[in-house]
Amino acid sequence: TMSLAGGMDTNSHAASSQHYGVLGTCESALAYYEAAANGIMDELEQSSLRGKVNPSVDLHHLAMIYMNGGASSALSINNKPDELEEALQYYRMKASRQAHPQPDVHAAFTLASFYHYGIRGARQDMKLALKYYEIAADYGSWEAAGQAGKFHLWSIGVEEEDRDLHKAYKLFALGTPGGLDGCRKRHDRKTKKHINNARNKNGEDAYKLPWEDDETDEEDDGPLCDHPCVNGMGLLHLFGVPNVIDVDISKARQWFILARDMGNMDASYNLGMLRLGWMAVTPLKEEKKQKNEERELKEKSSQENHDYR
């Protein structure tokens, strides 16, 4: 990983290994390992990738390309041929804010992804990635809003002093219509449909959510919220946004739990970090608070079920 990150200095790593071999004590070697790790993290976080994006690496496998043919549909995404410059220019033209009648959202998001990860012949460029994510988000792409919000949150594609949590909030809000409750209901309804599909196959009675009644049972809440936006909202409640969001670790946890349930790996990491004491939340306090919240949710669910019956 260090070699892929752009030629990290290996002197500190070598020193820690030699130190361990010479003195043979884990305790004395630990300081060297920590210094090496901290140096690597500092270098990654000060780079344009901010330690949040993997450096671009060419993943073409020539053997697979020759076996399947350069333009074969059997090729995996990393083995697809690079786009010609003419094709990239066509995407730029379609994604331009001057395009008539409006920019092509698919072209903008595609270009943003190319620049974000440095794939398909495009050089990795965080500023251009942010530019096209924002275009796609401005014209309705929740997925692009989640990525653009993350860029502003971690100052990716902008100078560190230009980090803008207010922009991040506006972008994350696009992908979380209805807020926490609205996103949770969308997710619960989608989960219910999967459960009922399985029950129907087995001839079992349909499952109903506790807060549903006969009139709302068939309502469609629309597509799921964008899970990076949901996770981003958790981070904003953790950090706070001046004049917009107060620091609320309990609410942040609820956003993270929903994002985790939607399959967001970063949210699982964030929940784990909270348990370890991130943002001055000690494990003991965290455990006690979580138990209280779980008890309150259980009591609320029990009351709703009672009212429903």
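Because the structure is predicted, anything quoted here is derived from the model rather than measured.

Definitions and limits used
- Residues numbered from 1 in each chain as written.
- Predicted model: local features only at pLDDT ≥ 70, side-chain atom pairs only at ≥ 80, totals over all residues.
- Heavy atoms only, no water.
- Axes fitted to C-alpha atoms, helices over the stretch in contact; angles between N-to-C directions.
- Helix = DSSP H or I, 4+ residues; strand = E, 2+ residues; numbered from the N terminus.
- Left-handed = near helix turned anticlockwise from the far one by under 90°.
- Contact = heavy atoms within 4.5 Å.
- Nonpolar A, V, L, I, M, F, W, Y, C, P; charged D, E, K, R; others polar.
- Phe/Tyr/Trp six-rings, centres within 6.5 Å; stacked < 30°, edge-to-face > 60°.
- Buried < 20%, exposed > 50% of the residue type's maximum accessible area, 1.4 Å probe, protein only.
- Disulfide = S-S within 2.5 Å.
- Expected span 1.5 Å × (residues − 1).
- Polar contact = N/O pair within 3.5 Å; in protein donor to acceptor, adjacent residues only side chain to side chain.
- pLDDT = per-residue confidence, 0-100.

Colleague: Please set out the packing of helix H11 (residues 249-261) against helix H12 (residues 265-275) residue by residue, giving values where relevant.
Modeller: Across the interface, H11 lies against H12 with an axial gap of 8 Å and an inter-helix angle of 145 degrees. The two elements H11 and H12 meet at a crossing, and its hand is left-handed. Taking contact as the criterion, the partners of Ile-249, Arg-253, Phe-256, Ile-257, Ala-259 and Arg-260 in H11 are, on H12, Ala-267, Ser-268, Asn-270, Leu-271 and Leu-274. Considered class by class, the residues forming the contact of H11 with H12 number 7 nonpolar, 2 polar and 2 charged.

Colleague: If you had to explain the side chain of Asn-264 to someone new, which residues and values would you point to?
Modeller: Topologically, Asn-264 is positioned in the loop between H11 and H12. Dropping the residues within four chain positions of it, Asn-264 is found in contact with His-227, Pro-228, Asn-231 and Ala-259.

Colleague: Any chance you could break down the packing of aromatic side chains for me, citing the residues and the numbers?
Modeller: In the structure shown here, the tally under the stated rule is 6 aromatic pairs. Their ring planes at 90 degrees and their centres at 6.0 Å tell us that Tyr-91 and Phe-114 sit as a pair that is edge-to-face. Of this pair, Tyr-91 sits in helix H4 (residues 85-95) while Phe-114 is found in helix H5 (residues 105-117), placing the two residues 23 residues apart along the sequence. No difference in accessibility class separates Tyr-91 from Phe-114, as the two residues are buried. Relative to Tyr-132, the ring of Tyr-115 has its centre 6.2 Å away and its plane inclined at 15 degrees; by these criteria the two rings are stacked. Separated by 17 residues along the polypeptide, Tyr-115 in helix H5 and Tyr-132 in helix H6 (residues 126-138) bring together distant segments of the chain. One aromatic cluster in this structure is built from Phe-109, Tyr-133 and Phe-151.

Colleague: Account for the state of the cysteines, with residues named and values stated.
Modeller: For the structure shown, the criterion picks out 1 disulfide. Here Cys-183 is linked by a disulfide to Cys-225, with a sulfur-sulfur distance of 2.1 Å. Across the disulfide from Cys-183 to Cys-225, rotation about the S-S bond amounts to roughly -90 degrees, and the bridge is consequently left-handed. One end of the pair, Cys-183, is in helix H9 (residues 179-201); the other, Cys-225, is in the loop between H9 and helix H10 (227-239), and 42 residues separate them in sequence. On the accessibility criterion, Cys-225 (5% relative accessible area) is buried. No disulfide involves Cys-229; its sulfur sits 8.4 Å from the nearest other cysteine sulfur, which is in Cys-225.

Colleague: Run through H6, naming residues and quoting values.
Modeller: In this model, H6 (13 residues) spans 18 Å end to end at C-alpha, consistent with the 18 Å of a helix rising 1.5 Å per residue. Within the sequence span of H6, burial applies to Met-126, Ala-129, Leu-130, Tyr-132, Tyr-133, Ile-135, Ala-136 and Ala-137. For H6, the capping residue at the N-terminal end is Asp-125, with a side-chain oxygen 3.0 Å from the backbone nitrogen of Lys-127. Looking one or two residues beyond H6, the residue adopting positive phi is Gly-140, at roughly 105 degrees.

Colleague: Account for the confidence of the model for the protein chain, with residues named and values stated.
Modeller: Across the protein chain, the average pLDDT comes to 79, with 69% of residues at or above 70. Confidence drops under pLDDT 50 across residues 1-8; counting only partners more than four residues distant or on other chains, this segment forms 11 contacts. Contacts from residues 214-218, a stretch scored under 50 in pLDDT, to residues over four places away or in other chains number 6 contacts.

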